[in-house]
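Below are the chains, spelled out letter by letter.
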Amino acid sequence: MNRSISLVRKELQNLQNKPLGSIQLHNAKQQLKGQLAMVEENNNATMLKMAKNMLDFNSIPLLEDIFVKIDAISASDLSDLANEAFRVDEMSSLTFLPY
């Protein structure tokens, strides 16, 4: 258990301190865009996403516009976000142990 927690913390610190390489960043972007494109194939999911966007932002972004925004993300943008979101010293945890 402790080894797993240690590995997760190490990966979070890597995200914070070591920017993704260009190939890793490209692959992550392609995977995200592929997942978003697959969601577009599901009519229920698409309608729910469109309704949420209308309620939250009063607009429905085109998939191509989302892809442009994804492509604009840099490795340093991700590191900055990781530093903001994954503060290991401020995280709490919950462990479920078997009887």
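Below you will find a few notes about this structure. (Residues numbered from 1 in each chain as written. Predicted model: local features only at pLDDT ≥ 70, side-chain atom pairs only at ≥ 80, totals over all residues. Heavy atoms only, no water.)

**Focus on the layout of surface pockets**
Of the pockets and cavities examined, the largest pocket occupies roughly 160 Å³. Lining the largest pocket are Ser-4, Ile-5, Val-8, Arg-9, Leu-12, Val-88, Met-91, Ser-92 and Ser-93. Taken together, the residues that form the lining of the largest pocket break down as 5 nonpolar, 3 polar and 1 charged. (1 Å grid on protein atoms, 1.4 Å probe; cavity = no way out; pocket = protein on both sides within 12 Å on 5 of 7 lines; lining within 4 Å. Points joined across faces, edges and corners; volume = space filled by probe spheres on them. Nonpolar A, V, L, I, M, F, W, Y, C, P; charged D, E, K, R; others polar.)

**Details of the packing of helix α2 (residues 22-40) against helix α4 (residues 63-71)**
The N-to-C vectors of α2 and α4 enclose an angle of 165 degrees; their axes lie 10 Å apart at closest approach. In terms of axis orientation, α2 runs roughly antiparallel to α4. Both α2 and α4 take part in a crossing whose hand is right-handed. The residues of α4 that touch α2, namely those facing Lys-29, Leu-32, Lys-33, Leu-36, Ala-37 and Glu-40, are Leu-63, Ile-66, Phe-67, Ile-70 and Asp-71. Of the residues belonging to the contact of α2 with α4, the class tally is 7 nonpolar, no polar and 4 charged. (Axes fitted to C-alpha atoms, helices over the stretch in contact; angles between N-to-C directions. Helix = DSSP H or I, 4+ residues; strand = E, 2+ residues; numbered from the N terminus. Parallel < 35°, antiparallel > 145°, perpendicular 65-115°, else oblique. Left-handed = near helix turned anticlockwise from the far one by under 90°. Contact = heavy atoms within 4.5 Å.)

**Details of the environment of Leu-48**
The topology assignment puts Leu-48 in helix α3 (residues 43-57). Classification of Leu-48 as exposed rests on a relative accessible area of 63%. In sequence terms Leu-48 and Asn-83 are 35 residues apart; their C-alpha atoms lie 31 Å from each other. (Buried < 20%, exposed > 50% of the residue type's maximum accessible area, 1.4 Å probe, protein only.)

**Observations concerning the pattern of salt bridges**
Evaluated as defined, the whole model comprises 4 salt bridges. With its nearest N and O atoms 2.8 Å apart, the salt bridge here joins Asp-71 to Lys-33. In this pair, Asp-71 sits in helix α4 while Lys-33 sits in helix α2, placing the two residues 38 residues apart along the sequence. Asp-71 sits in the partly exposed class, given a relative accessible area of 41%. With its nearest N and O atoms 2.4 Å apart, the salt bridge here joins Lys-49 to Glu-40. A residue is classified by how much of its surface remains accessible, and Glu-40, at 28% relative accessible area, is partly exposed. (Salt bridge = Lys/Arg side-chain N within 4 Å of Asp/Glu carboxyl O.)

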